[in-house]
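Now for the letters of each chain:
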Amino acid sequence: MGTEAAAMAKEAENANEIIHYFAQEWAPGVVIHMQTMYMTWITMAIVFLLFFIASRNPKLVPSGLQNGMEFFIDFLNGLMEETLGMKGRKYMAPFMITLFMFIFIGNELGMLPQIGVHWTSPTNDINTVFALSLMVAFGGYAVGVHQQGIGHFKHFISPKPGFLPIHLLDAITKPLTMALRLFGNILAGEILLIVLYQLTPWVIPELWVMFSLFIGFLQAFIFTMLALSSFAIAFHDEH
Amino acid sequence: MVNFNATLIAQVLNFLILVFILAKFAYKPLMKIMDDRKNKIAGDLAAAETAKTDAESIKAEYAAKLAAARQEAQAIIDNARKTAQTAHDKILADTKAEQDQIVKTAKEAIALEKKQALSEIRAHVINLSLVAASKIVEQKLGSEEDKKLAGDIVDAVLKQ
C-alpha cells in the first residue's frame, strides 16, 4: 500500500505537472512532500524571526519592526475582540496570530522570484490547507468543551433539534471550503504565474505577482476570519 | 496534485510547534508592552485630566484671592484718605484757634498798653497844665483842689 502510494505520487510528478511536491517515502506508507516541508520550515523561520526580533527589547514607543508586528497583532486583536470577546482573545491570540502570519507569509513565499531556490507556497499543498482547516475545526470543538464542558455540543441542536442535519452539514463543509478556497487560490496563482512567464516574459507576470501578493493577504485574512467564526461559538456564553 | 498523505500530519505538527515557540518567546513580551502602553496612555490621559481640573481650581482660587486683595487695597486707600482728611481738618481747626488766641492776646496787650500810656499822658498833662496855669495866674497852684480841677479838664479834653 505504502509503496503503491509512493509510486502513484511519482507517477503524478512525472505526468508533466507544473507544480512539483517532491514526494518522498520515509517509511512504508509514510509519504511526505519535501518541497512543502522545506517551504513550511522557511515560512516558520521567517514568522519566528519577525516576531522574535520584534519582541527583543520591546519599547514603549515602538519603531521599525516592532511597530510593524504590533500592527498585525493589533489588527488581529481587534478582530478577535469583536468575535471572541476579551476572554476569548486572551485564550486564542497565540493561535490566531500564528495562523494568520503563517498563511500570509506562506502565500507570499510562492511569489518570490525563482532565483537559486524553487520558491513555492506551503499553502499550495492540499495537505497543508487541510491540516490548518482541520486543526481549526477540531480545535473549535476542543476549546468549546474546555470552555463550556460537553454542553458545548448543544449548539448542534439549537434552536431546535430539527436543525441537527444543517449543523452537521455546516460542520463538514466549513473546513472543506476553508481548505479548498485557500488551496485553490494559491495553487492557481502559482500555476498561472508559470503559464504567464511562458506566454509573455515581461510586465504581465509582474502585474500578476502584485495582484497575487494582495490575494495572499486577502486569503490569509479570509481564512483567519472563518477560523474566528469557528471559535466564536466556543466563547459564546449561553445563559 | 491532490494527494493526501503524511504531509498533513507533519504540517499539523509544524504549525503547533510554531504556535508554541511564538507563544513562549515572542507574543508575551509584545503583548505585555502593548498592554503597558495602553495602560500608560490611559493613565496619562487621566493624569492630564486631573491636572487640568487642578489648574482650573487653582486659577479660580487665584482670581478670588486677587479680587479680595484688590478690595482690601481699596479699603486701605479709602481709610488712609479718611484719616488724612480728618488730620487735615483738625490741623486747620487747631491753627485757626491758635491764631484767634494770638490775635486776642495781642489785642489785650495793645489795649493794656494804650491804657497805661493814656494814664501816663494824663499825669504829665495834669502837671504840665498846672505849671502852665500857675504861670498864667502868677500864683502857685498846687493844692488838691487845683489838681482835681485840672484833671477834670484833661479828662474832658482827652475824651474828645
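Residues numbered from 1 in each chain as written. Chains lettered and ligands numbered in written order. Predicted model: local features only at pLDDT ≥ 70, side-chain atom pairs only at ≥ 80, totals over all residues. Heavy atoms only, no water.

Asker: Which parts of the structure should I look at to understand the packing of aromatic side chains?
Answerer: The geometry of two aromatic rings is summed up by the distance between their centres and the angle between their planes. All names here are of chain A. Applying the stated rule across the entire model yields 24 aromatic pairs over all chains. Considering the side-chain rings of phenylalanine 95 and phenylalanine 231, the 5.7 Å spacing of their centres and the 70° angle between planes classify their relative orientation as edge-to-face. In this pair, phenylalanine 95 sits in helix H3 (residues 64–109) while phenylalanine 231 sits in helix H6 (residues 204–232), placing the two residues 136 residues apart along the sequence. Judged by its relative accessible area of 14%, phenylalanine 95 is buried. Between the aromatic rings of tryptophan 208 and phenylalanine 211, the centroid separation amounts to 5.6 Å while the plane-to-plane angle is 55°, which identifies the pairing as tilted. One end of the pair is tryptophan 208 and the other is phenylalanine 211, both in helix H6 and 3 residues apart, which spans about a single turn. A residue is classified by how much of its surface remains accessible, and tryptophan 208, at 19% relative accessible area, is buried. Ring-pair connections join several aromatic residues into one group, and the members of that group are Phe71, Phe72, Phe75, Phe100, Phe104, Phe217 and Phe221. (Phe/Tyr/Trp six-rings, centres within 6.5 Å; stacked < 30°, edge-to-face > 60°. Helix = DSSP H or I, 4+ residues; strand = E, 2+ residues; numbered from the N terminus. Buried < 20%, exposed > 50% of the residue type's maximum accessible area, 1.4 Å probe, protein only.)

Asker: Just checking my understanding: could you explain the side chain of threonine 128 of chain A for this structure?
Answerer: Take threonine 128 of chain A: it is sitting in helix H4 (residues 126–148). Contact partners of threonine 128 of chain A, with chain neighbours within four places excluded, come to Thr36, Phe102, Pro122 and Thr123 of chain A together with Gln11 of chain B. (Contact = heavy atoms within 4.5 Å.)

Asker: I tried to follow the UniProt feature "transmembrane region" (unreviewed entry) in chain A on my own but got confused; where do I start?
Answerer: Residue and element names in this part refer to chain A. UniProt records the feature "transmembrane region" (unreviewed entry) for residues 36–54, 90–106, 126–145, 182–204 and 210–235 in the present numbering. The span residues 36–54 is 100% helical and 0% strand by assignment, and the distance between its end C-alpha atoms comes to 27 Å. Between the C-alpha atoms that bound residues 90–106 the distance is 25 Å, and the span itself is 100% helix and 0% strand. (UniProt positions renumbered as here; feature names shortened; annotations may be inferred.)

Asker: Would you mind going over the interface of chain A and chain B with me for this structure?
Answerer: Interface extent is often summarised as the accessible area lost during association of the parts. Taken residue by residue, the interface counts 49 residues in chain A and 31 residues in chain B. Summing the contributions of chain A and of chain B, the shared interface buries around 3600 Å²; its carbon and sulfur component is 74%. The interface formed by chain A and chain B contains 1 salt bridge. When the shortest N-O distance is used, the salt bridge between glutamate 70 of chain A and arginine 37 of chain B registers 2.7 Å. The interface formed by chain A and chain B includes 10 residue pairs in polar contact (both at pLDDT 80 or more). Of all elements in the fold, only strand E2 (30–33), helix H2 (34–55), H3, H4 and helix H5 (164–199) of chain A reach the threshold of two or more residues within the side of chain A that touches chain B. When residues in the side of chain A that touches chain B are grouped by element, the largest group, 14 residues, is from H3 of chain A. (Buried area = accessible area lost by both parts, 1.4 Å probe. Salt bridge = Lys/Arg side-chain N within 4 Å of Asp/Glu carboxyl O. Polar contact = N/O pair within 3.5 Å; in protein donor to acceptor, adjacent residues only side chain to side chain.)

Asker: Before we go on, may I ask you to explain the side chain of threonine 123 of chain A in this structure?
Answerer: Residues and elements named next belong to chain A. Looking at the element boundaries, threonine 123 is found in the loop between H3 and H4. Given the relative accessible area of 0%, threonine 123 is considered buried. Separated by 2.7 Å, the side chains of threonine 123 and asparagine 107 make a polar contact.

Asker: I tried to follow the pattern of salt bridges on my own but got confused; where do I start?
Answerer: When charged atoms on two side chains of opposite charge get close, those side chains can pair. This structure, assessed with the given rule, holds 8 salt bridges over all chains. Between arginine 89 of chain A and glutamate 81 of chain A there is a salt bridge; the shortest N-O distance is 2.9 Å. For arginine 89 of chain A, a relative accessible area of 7% corresponds to the buried category. Across the salt bridge formed by arginine 122 of chain B and aspartate 155 of chain B, the nearest N and O atoms sit 2.8 Å from each other. Of this pair, arginine 122 of chain B sits in helix H1 (residues 7–137) while aspartate 155 of chain B sits in helix H2 (residues 144–159); the two residues are 33 residues apart in sequence, bridging distant segments of the chain. Taking relative accessible area as the criterion, arginine 122 of chain B reaches 34% and is therefore assigned partly exposed.

Asker: Explanation requested: H3 of chain A in the structure shown.
Answerer: One turn of an α-helix holds 3.6 residues; hence residues three or four places apart share an orientation. The end-to-end C-alpha distance of H3 of chain A is 22 Å, clearly below the 68 Å that 46 residues give at a rise of 1.5 Å each. At leucine 84 of chain A, H3 of chain A shows its largest kink, close to 120°. (Expected span 1.5 Å × (residues − 1). Bend = angle between axes of the 7 residues up to and from the residue.)

Asker: Looking at this structure, I do not really get the pairing of E2 of chain A. What am I missing?
Answerer: The two faces of a sheet get side chains in turn, since along a regular strand they alternate between them. Residue and element names in this part refer to chain A. In terms of strand pairing, strand E1 (residues 23–27) meets E2 through 4 bridges, oriented antiparallel. Along E2, the bridge assignment pairs alanine 23 with histidine 33. Remark: 2 residues form the turn of the hairpin made by E1 and E2, two consecutive strands paired antiparallel; glycine 29 in that turn has positive phi of roughly 85°. (Pairing = 2+ DSSP bridges.)

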